[in-house]
Amino acid sequence: MERILVVDDDAVMARTIHKMLAQSYSSFMAGSGKDAIKYLEKYEADLVLLDVNMPEMDGFETLLKIREIRGLEDLPVLFLTAEDNSNIEIKCLQAGASDFIRKPVVPEVLRLRVSHILELYKLRNNLASEVEKQTDKIRRQQDIMRLMSMQMVYALSDTIEAKDKYTNGHSHRVAEYSKEIARRFGYSDEKLDEVMTTGLLHDVGKIGVPDTIINKTGKLDDDEYALMKKHPAIGAGILEKITTVPDIAIGAHWHHERYDGKGYPDGLKGEEIPEIARIIGVADAYDAMTSRRSYRDVMSQEKVREQIVNGRGTQFDPVFADIMLKMIDEDKEYKLRGNIS
Ligand SMILES: [Fe+2]
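Parameters and conventions
- Residues numbered from 1 in each chain as written.
- Predicted model: local features only at pLDDT ≥ 70, side-chain atom pairs only at ≥ 80, totals over all residues.
- Pairing = 2+ DSSP bridges.
- Helix = DSSP H or I, 4+ residues; strand = E, 2+ residues; numbered from the N terminus.
- Axes fitted to C-alpha atoms, helices over the stretch in contact; angles between N-to-C directions.
- Parallel < 35°, antiparallel > 145°, perpendicular 65-115°, else oblique.
- Left-handed = near helix turned anticlockwise from the far one by under 90°.
- Contact = placed C-beta atoms within 7 Å.
- Nonpolar A, V, L, I, M, F, W, Y, C, P; charged D, E, K, R; others polar.

Chemist: Honestly, the pairing of strand S5 (residues 99–102) in this entry has me stumped. Any pointers?
Modeler: Bridging between strand S4 (residues 77–81) and S5 involves 4 bridges; their strand directions are parallel. Residue pairing for S5: Leu80 is matched across the bridge by Ile101.

Right, dumping it as structure tokens:
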């Protein structure tokens, strides 16, 4: 049964109303605004019937105090007004009352108004909880979609890894190094996820390069090198089909561009090269130098450092080269490298 608090300084009136409601509701009485506040701070109510004219604290003041109680910001309040005065009625509604009832109270009018208001609030609350439920469901679905697309990215990046015998884990390491450079540069978490994805997929175009070339232990001849150089364009062609993530192809497309414009496939120069591709360019070169290859052992850290310094402003964006150099200098035991075994 719904609980109704009747607030009136006139005890006879309060009791009369209490009786009118007794059949369908549990009602409680308060003889002043202060008592009503005390009651509502302790007990629950579904609706308040509030007399406008009361000594000390009138109905308007009492309503303001009720709204200050946590959780009662929306509690339905019906004013009881003795005056046949539209100004008072307007004031009641402006003060945030759900409605008003004129005295002398007609029992049927009272019951109908109370039941309508309670019904309305119940519907509103149901609607709010339904909206919350649906929002929750959408959020869960978004999480699953995000996880799924990340898993697809990992799966795709693993297919390149499987093809290339000698660079085991290259895409993952390049993604991690790129992410660390970007983090130090000040990227947001969301942007770092983008760097990770782009890094993981940067060599996806190698899928389109013959295995014999990818796994060749000796130096590539001119024709083979020309085929190898196609992997950025092939990768871009594959990833550009994922239109829901517009920038996903950036890393694959331009990670072999050089800061001085002498790279490939488009010979972009300086800031013409998208920022993430410039970051991946440094990370990619670092991993290539610090990984064991069939034709050479892992380079010494000094040698790697020297190569990055030499490429600063020519091969690499100086800003990202400097961050990489800082990472190298902090890596005293040369742990930051691949294929250590
Ligand atoms: Fe590459």
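Chemist: Honestly, the packing of helix H13 (residues 301–311) against helix H14 (residues 318–330) in this entry has me stumped. Any pointers?
Modeler: When two helices pack together, their arrangement is given by the angle between their axes and by how far apart the axes lie. Viewed as axis vectors pointing N to C, H13 and H14 meet at an angle of 165 degrees, and their least axial separation amounts to 10 Å. On the basis of the axis angle, H13 is roughly antiparallel to H14. Crossing hand, H13 versus H14: left-handed. Where H13 abuts H14, its residues Gln301, Val304, Arg305, Ile308, Val309 and Gly311 lie against Ala321, Met324, Leu325 and Ile328. Grouping the constituent residues of the contact of H13 with H14 by class yields 7 nonpolar, 2 polar and 1 charged.

Chemist: So what exactly am I meant to see when it comes to the sheet that holds strand S3 (residues 47–51) here?
Modeler: The strands making up a sheet are joined through hydrogen bonds of the backbone, oriented either antiparallel or parallel. With parallel pairing, 5 strands are arranged side by side in an open sheet as S2-S1-S3-S4-S5. The sheet terminates laterally at strand S2 (26–30) and S5, the two strands that pair on one side only. The sheet shows a mean angle of 20 degrees between the axes of neighbouring strands, taken without regard to direction. Here strand S1 (residues 3–7) pairs with S3 via 4 bridges, running parallel. The residue of S3 that forms the bridge with Val6 is Leu49.

Keep in mind that these numbers describe shape and distance, not what the molecule does.
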